[in-house]
Amino acid sequence: MPKYRNSLNVDPDDRDPRISRRSFLALMGVGACLVGVGQMFGASMLGYLYPNAMKVPPSTFSLGRPEEITAKDGKIFDPKQKVFIETKAGKVRVQTAVCTHLGCTINPVETGYSCPCHGSTYNNRGQVTGGPAPKDLVFFDIYKGASGDLLVNKAKTTLDWEKAWYSA
Ligand code: FES
């Protein structure tokens, strides 16, 4: 049972201006709680100041200079964008590397692509040949930006593997 009936357990008649260790620690605890509540409130308010659009990643990315991209033929994997970039005879096309089942990254195999997660398989065109994947792999729209770089718009897709080529 506390000796005095106030929250800091301080004698109200005590004229000693020094603060006891117990009172000091109690004040520090209250102060820390107030700072914590203030930070939580401030952080949540800051979330309202930034528009949602700033949190959405851009759907467009750059492939680089056309002459550099089409310099040699082949297919490479871009792990950051999770796409396969295929070049052939001055043309380029970009296909998703994201499995249409639950979004795992697919691997190229001799017959096309294979998903390591649940075993979906796709042929070289990206059409489903087995497993639980519900849809084919899409190709992304490619266009030349104002800077001259080739840009890929992941928001615009096609399943037509011939029309997916962009002639640089
Ligand atoms: S995520 Fe690819 S088969 Fe399930």
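Residues numbered from 1 in each chain as written. Predicted model: local features only at pLDDT ≥ 70, side-chain atom pairs only at ≥ 80, totals over all residues.

### Let's talk about the overall build of the protein
How we decide: Helix numbers and strand numbers start at the N terminus; a helix is a DSSP run of H or I with at least 4 residues, a strand a run of E with at least 2. Once C-beta atoms are placed from the backbone, each residue is buried if 20 or more other C-beta atoms lie within 10 Å of its own, exposed if 12 or fewer, and partly exposed for counts between those two. Our contact criterion uses C-beta atoms placed from the backbone: two residues qualify when those atoms are within 7 Å.
Looking only at helices and strands, the protein has two helices and 11 strands in total. The helix and strand sequence of the protein, counted from the amino end, reads α-β-α-β-β-β-β-β-β-β-β-β-β. When each of the 168 residues of the protein is scored for burial, the buried share is 17%. Looking at the protein alone, contacts between residues at least 24 apart form 33% of all its contacts between residues at least 6 apart.

### Things to note about the pairing of strand S3 (residues 83-88)
Note the cut-off: At least two DSSP bridges between two strands are required for those strands to pair.
With five bridges joining them, strand S2 (residues 74-78) and S3 adopt antiparallel strand pairing. Paired with Lys75 across the strands is Glu86, a residue of S3. Relative to strand S4 (residues 91-96), S3 runs antiparallel, the two sharing six bridges. Within S4, the position partnered with Val83 by the bridge is Thr96. In textbook terms, the turn of a hairpin is the stretch between consecutive antiparallel strands, and for S3 and S4 this stretch comprises two residues, one of which, Ala89, has a positive phi near 50 degrees.

### Here we look at the sheet that holds strand S6 (residues 112-114)
Here is the rule: Each axis is a line fitted through C-alpha atoms, and for a helix only the stretch in contact is used; angles between axes span 0 to 180 degrees, taken between their N-to-C directions.
The antiparallel open sheet is built from four strands, whose spatial order is S5-S6-S7-S8. At either margin of the open sheet sits one strand with a lone partner, and together these are strand S5 (107-109) and strand S8 (128-130). The average angle at which neighbouring strand axes cross in this sheet is 35 degrees, direction not considered. Sheet topology note: the strand S7 (residues 121-123)/S8 ladder contains two bridges and is antiparallel. Residue pairing for S8: Thr121 is matched across the bridge by Gly130.

### Here's the deal with unusual backbone geometry
One non-glycine residue with positive phi stands out, namely Lys82, at about 55 degrees. By secondary structure assignment, the location of Lys82 is in the loop between S2 and S3. Positive phi is not limited to glycine here, since Ala89 has a value of about 50 degrees. Mapping Ala89 onto the fold places it in the loop between S3 and S4.

### Observations regarding the nonpolar core
When a protein is soluble and globular, its nonpolar side chains tend to lie buried together. Keep this limit in mind: In this description, a nonpolar core means buried residues of the types Ala, Val, Leu, Ile, Met, Phe, Trp, Tyr and Cys, linked to one another by C-beta atoms lying within 7 Å.
Ranked by size, the top nonpolar core spans 23 residues in total, and within it Val92, Val94 and Ile142 carry the most contacts. Looking at this core, the elements with two or more residues in it are S3, S4, strand S9 (139-144) and strand S10 (150-158). For Val92, the contacting residues outside a window of four places in its chain are Leu63, Ile69, Thr70, Ile85, Glu86, Thr87, Ile142, Leu150, Tyr166 and Ala168.

### Here we look at the confidence of the model for the protein
Cut-off, in case you're wondering: One number per residue, pLDDT, summarises how confident the predictor is, and it ranges from 0 to 100.
Of all residues in the protein, 79% attain a pLDDT of 70 or more, and the chain-wide mean is 85. A low-confidence stretch, residues 53-57 stays under pLDDT 50, and its non-local contacts, those more than four residues away or across chains, total zero contacts.

### Some words on the environment of Tyr122
Examined against the element boundaries, Tyr122 turns out to sit in strand S7. Take Tyr122: there are 25 C-beta atoms within 10 Å of it, and that puts it in the buried class. Each C-alpha atom, one on Tyr122 and one on Gly112, is 5.6 Å from the other, the two residues being 10 residues apart in sequence. With near-sequence residues (within four places) excluded, Tyr122 lies in contact with Ile106, Gly112, Tyr113, Gln127, Val128, Thr129 and Leu137.

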